[in-house]
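A structural walkthrough
For reference, the chains in residue letters:
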Amino acid sequence: MSGGRRGRGRPARIDRDRIVQAALELDATGEPLSMKAVAARLGVHSPNLYHHVGDRDSLAALVAAARIERVLDESWMPPPDADWRTWLRAFAYATRDASLTLPGHAEYFAFSGPAGRRQLDQIERLHEVLVDAGFDPVVAGRCVTLIGELVHINVRSVFMLRAQGQEPHRATIAEILRDEPDALPLLRAAGHADYDPDAQFAFDLDAALAGLAPSPADPGQG
């Protein structure tokens, strides 16, 4: 038997965890991620993988989630006496920074991989801080989801900029402003031709946190 393949009638035993681990090992080599390459690393045929992970995009999301799980340790957590806004802000930047460590996944990063237990324990602690501050548990969940969505949108924008250099609609604005000195004066003053994802994320986060407050009940109910 060679190349790690098993003899006929003795298929390799695989599950999703083994597939993701093989994909992580492949990713570490710099080789492009593919179902065929992962299958070869496991010593199985490609069709055997689809039962566990669906397709390449699903596998890519699982790999990204696993990498974030490794990077996002508990060091981001503020001191126990820090207020809830400090906790949400720290969580936002830690999640964003961890996501941005995945440049190799820019073309297909979907943020659809499952959260690992380590992440869930951290998020549970964040919910505890919010509930202790007076948030209803449902509202606390919505606060954390809001922060996650802000991170999601911003990181996708960063990946787009890395891939394309400039967002298409901003490129159009820049072209008009360059060719027509008197056109779109307010868009010019607002700097719409330029996009700083770091500054935008800071603004979005400040705006979101300013609009949150402890509430005795979910305002969407009743």
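Let me begin by describing the structure that accompanies this report. (Residues numbered from 1 in each chain as written. Predicted model: local features only at pLDDT ≥ 70, side-chain atom pairs only at ≥ 80, totals over all residues. Heavy atoms only, no water.)

Quick look at the side chain of Thr-95
Definition in use: In this text, helices come from DSSP runs of H or I with a minimum length of four residues, and strands from runs of E with a minimum of two, each type numbered from the N-terminal end. Under this definition, polar contacts are N or O atom pairs within 3.5 Å; protein pairs additionally need one hydrogen-donor-capable and one acceptor-capable atom, and for neighbouring residues in sequence, both atoms have to be side-chain atoms.
Locating Thr-95 in the fold gives a position in helix α5 (residues 84–99). Among the polar contacts listed, one links the side chain of Thr-95 to the backbone oxygen of Phe-91, at a separation of 2.8 Å.

Description of the nonpolar core
This is how it is decided: As used here, the term nonpolar core means buried Ala, Val, Leu, Ile, Met, Phe, Trp, Tyr and Cys residues forming a set that is joined through side-chain atoms within 4.5 Å. To sort residues, take the accessible area from a 1.4 Å probe on protein chains only and compare it with the maximum for the residue type: under 20% means buried, over 50% means exposed, and anything in between is partly exposed. The contact criterion used is simple: two residues touch if any of their non-hydrogen atoms lie within 4.5 Å.
In this structure, Trp-84, Leu-88, Leu-130, Phe-135 and Ile-147 are the most contacted members of the largest nonpolar core, which totals 33 residues. Those elements that provide at least two residues to this core are α4 (56–71), α5, α6 (117–132), α7 (137–164) and α10 (197–210). Per element, the largest residue contribution to this core is 10 residues, and it comes from α7. Not counting chain neighbours up to four residues away, the residues in contact with Ile-147 comprise Leu-88, Phe-91, Ala-92, Leu-205 and Leu-209. Counting residues in each nonpolar core, the second largest holds 21 residues, with Leu-26, Ala-39, Val-53 and Leu-59 among its members.

Quick look at α6
Rule in force here: Here the expected span of a helix is defined as 1.5 Å times the quantity of residues minus one. Relevant arc is that of directions from the helix axis to the C-beta atoms, nothing else.
Its 16 residues give α6 an end-to-end C-alpha distance of 22 Å, which sits within 8% of 22 Å, the value for a rise of 1.5 Å per residue. Every buried residue of α6 is listed here: Gln-119, Gln-122, Leu-126, Val-129 and Leu-130. The buried residues of α6 occupy an angular sector of 100° when the element is viewed end-on, so they sit on one face. Among the exposed residues of α6, those oriented more than 90 degrees off its buried face are Arg-117, Glu-124 and Asp-132. If you follow the buried residues of α6, they end up packed against α4, α5 and α7. The first or second residue beyond α6 is Gly-134, which carries a positive phi of 115°.

Some words on the pattern of salt bridges
Side chains bearing opposite charge may pair, as long as their charged atoms lie close to each other. We apply this condition: A side-chain nitrogen of Lys or Arg and a carboxyl oxygen of Asp or Glu constitute a salt bridge if their distance falls within 4 Å.
Taken as a whole and judged by the stated rule, the model has 5 salt bridges. Residues Asp-206 and Arg-89 are paired through a salt bridge, measuring 3.0 Å at the closest nitrogen-oxygen approach. Of this pair, Asp-206 sits in helix α10 while Arg-89 sits in helix α5, placing them 117 residues apart in sequence. On the basis of relative accessible area, Asp-206 is assigned to the partly exposed category, the value being 42%. Overall, Arg-89 belongs to the partly exposed group, its relative accessible area being 32%.

Observations regarding unusual backbone geometry
The phi angle at Leu-184 is positive, at roughly 45°, despite the residue not being glycine. Along the chain, the position of Leu-184 falls in the loop between α8 (168–179) and α9 (185–190).

Focus: α10
Helix length check: α10 (14 residues) gives 20 Å between terminal C-alpha atoms against 20 Å at 1.5 Å per residue, within 8%. On its buried face, α10 sits against α5 and α7. The N-terminus of α10 is capped by Asp-196, whose side-chain oxygen sits 3.0 Å from the backbone nitrogen of Asp-198.

Points about the packing of α5 against α10
Definition in use: The convention used is that axes are lines fitted to C-alpha atoms, helices contributing only their stretch in contact, and that angles between N-to-C directions extend from 0 to 180 degrees. When an angle is under 35 degrees it counts as roughly parallel; over 145 it counts as roughly antiparallel; between 65 and 115 it counts as roughly perpendicular; any other value is oblique. Handedness of each helix crossing follows the sense of rotation of the near helix against the far helix: counterclockwise by less than a right angle gives left-handed, clockwise gives right-handed. Residues were grouped as follows: Ala, Val, Leu, Ile, Met, Phe, Trp, Tyr, Cys and Pro as nonpolar; Asp, Glu, Lys and Arg as charged; and all remaining residues, including Gly, as polar.
At a minimum axis separation of 11 Å, α5 and α10 run at an interaxial angle of 150°. Compared by their axis directions, α5 and α10 come out roughly antiparallel. Seen along the crossing, α5 lies across α10 with a hand that is right-handed. On α10, the residues touching Trp-84, Arg-85, Leu-88, Arg-89, Ala-92, Tyr-93 and Arg-96 of α5 are Pro-197, Asp-198, Phe-201, Ala-202, Leu-205, Asp-206 and Leu-209. Its residues assigned to classes, the contact of α5 with α10 shows 9 nonpolar, no polar and 5 charged.

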